[in-house]
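Next come the chains, spelled out residue by residue.
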Amino acid sequence: MILYKNLSVRAGTKMYQLEFKNRITIVMGDSGNGKTYLYKFLEEYRGTDGYEDIVLFNYKSDDFHKRLQGMRNKFIVIDNADIMLDDTDKQFINFHKENQFLLFKRDFTNLFINPNSLVTLKQDGNIIRFKEVL
Amino acid sequence: MYYIWTEDRNEGLHFWNLLKDFLACDDLIVESKESNQGILFALSTLKPKKEDVYYIAFDRALDNIDIFNKYIKVKALCDKFENVHLLNIQCFEMLLLKFTKLIQWTGCNRENLIITRAEILKHTKGNFLQIDDVENSVALAYFQRLKYPTSERIIKSLTREILSNDEWTLGYKNTETNKKELGKCWYFSCCVMDEKRYSRRKCCFDKNKKGYDKMKELFLDINMPEMIPEVWKNHS
């Protein structure tokens, strides 16, 4: 299920305007292209009006695997997903369709993705949007 | 000259060679590059003649980072030349899976496979499975049976199971070439089985169906004329 089709996140003078076409979105790209910066600003929006269902995990998160397995009807953001996700987590992501996922990841092996799941971040002036890789 | 380059060594290669035989095309060369890396290497050193046409059958598994990265490079190399065409297919098994008469011809009667196939075809755009859009519980249960379900593994596994009737199977061992091929039911005139097995057959055919007619129906149904238009136009 796509819980959030669009997200707008203000990050200083920049604005992230993100459109989600799939339940699983994978943000690829080299270090320094704004992924962790986006994660940081999503952390500030978490729990606020209109963003109640956002949950964020990164390498500092405690009990990540157990907490992930308990998620239902959430928009789940996972930074450093390459090192965070094991096979059980990937199975959960693939088959628990009530959740939406935004993964910052380079390797998407064994994840159910559609061609337009793979995106990078592209800046145009002060607006940053997703750009499909394929 | 026309060239079909495939990464397949066994049934996939046999499939493209059957196409060549069907077209009776002496100026079509089917070559296995042995692997997706082999295709990438061959393309990187290719200097195609103007009069030649190349068709590249590269398996595209979007849920595998290694293949995805190679696909990006293969596409870039193909885009350099007007006469080098990357075939718009996920894998050759997908072509068989999409064949509209697959269930009828093979006589597959396993409900879960029939439903899973229907769901996969419902969620295929172009020739690519949009796997995350599949919600049917029977199909999802099938996916979960696989240890590492990816779209490519699902398609290949499902196709093999559906074809495991009579002599439709993939992986039929040719004792002369020692290679695995498509089962004889695909291209031999009926019936290839002895009388005892014939009486227990599951397919829809009697003994009169010609191999050539089966191949023609298959290739037309899976849009082969659109995939390789130059070769098809000149030789069909």
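Residues numbered from 1 in each chain as written. Chains lettered and ligands numbered in written order. Predicted model: local features only at pLDDT ≥ 70, side-chain atom pairs only at ≥ 80, totals over all residues. Heavy atoms only, no water.

## Some thoughts on the overall build of chain A
Convention followed: Working definition: helices are DSSP H or I runs of at least four residues, strands are E runs of at least two. Numbering for both runs from the N terminus. Only protein chains enter the accessibility calculation, which uses a 1.4 Å probe. A residue is then buried if its area is under 20% of the maximum for its type, exposed if over 50%, and partly exposed in between. With residues, only the protein chains shown are counted as cover, and all accessible areas are computed by Shrake-Rupley using a 1.4 Å probe.
Regarding its fold elements, chain A presents 4 helices and 8 strands. Secondary structure of chain A in N-to-C order comes out as β-β-β-α-β-α-β-α-α-β-β-β. The dimensions of chain A, computed from C-alpha atoms along their principal axes, are 40 × 35 × 25 Å. Every one of the 134 residues in chain A was classed for burial, and the buried ones make up 51%. Element-wise, carbon and sulfur atoms account for 45% of the exposed surface of chain A, whose accessible area totals about 6,300 Å².

## What to know about the pairing of strand β5 (residues 75-78) of chain A
Residue and element names in this part refer to chain A. Here is the rule we go by: When the strands point away from the viewer, a crossover counts as right-handed if the path from the first strand over the helix to the second runs clockwise. We treat two strands as partners when DSSP finds at least two bridges between them.
The two faces of β5 match: Phe 75 and Val 77 on one face and Ile 76 and Ile 78 on the other face are all buried. Following the chain from strand β4 (residues 54-57) across helix α2 (residues 64-69) to the adjacent parallel β5, one finds a crossover that is right-handed. Taken together, the 4 bridges between β5 and strand β6 (residues 100-104) define a ladder with parallel strand orientation. When the sheet's bridge partners are listed, Ile 76 is paired in β6 with Phe 101.

## Points about a nonpolar patch on the surface
Going by this rule: Grouping into patches uses exposed residues only, defined as over 30% relative accessible area, and leaves out salt-bridged ones; the cut-off is 9 Å for like charges and 5 Å for nonpolar side chains (Val, Leu, Ile, Met, Phe, Trp, Tyr). A carboxyl oxygen of Asp or Glu within 4 Å of a side-chain nitrogen of Lys or Arg is what we treat as a salt bridge.
A contiguous nonpolar surface patch, about 190 Å² in accessible area, is contributed by A:Val133, A:Leu134 and B:Ile72. On the secondary structure map, B:Ile72 appears in helix α3 (residues 65-79).

## With respect to the packing of aromatic side chains
Within a pair of aromatic rings, the relevant descriptors are the distance that separates the centres and the angle that separates the planes. This is how the line gets drawn: In this scheme Phe, Tyr and Trp rings, the latter by its six-membered ring, pair at centre separations within 6.5 Å, and the angle between planes marks the pair as stacked below 30 degrees, edge-to-face above 60, and tilted otherwise. Lysine NZ or arginine CZ positioned within 6 Å of the ring centre and within 35 degrees of the ring normal marks a charge as sitting over the ring.
Tallying each qualifying case throughout the model produces 25 aromatic pairs over all chains. Ring geometry for A:Tyr45 against A:Tyr51: centres 4.9 Å apart, planes inclined by 70°, an arrangement best described as edge-to-face. The exposure classification of A:Tyr45 matches that of A:Tyr51, with both residues buried. The interplanar angle of 90° and the centroid separation of 6.0 Å between the aromatic rings of A:Phe112 and B:Phe143 together place this pair among those described as edge-to-face. Here A:Phe112, found in the loop between β6 and β7 (118-124), pairs with B:Phe143, found in helix α7 (residues 137-145), and the two come from separate chains. Residue class for A:Phe112 comes out buried when judged on its relative accessible area of 0%. Linked through ring pairs, B:Phe15, B:Trp16, B:Phe22, B:Phe92, B:Tyr212, B:Phe219 and B:Trp232 together constitute an aromatic cluster. The positively charged end of B:Lys33 is found above the aromatic ring belonging to B:Trp5, 4.3 Å away from the centroid. Residue placement shows B:Lys184 over the ring face of B:Phe188; its charged tip is 5.3 Å from the ring centre.

Read these as layout, nothing more, since geometry by itself doesn't imply function.
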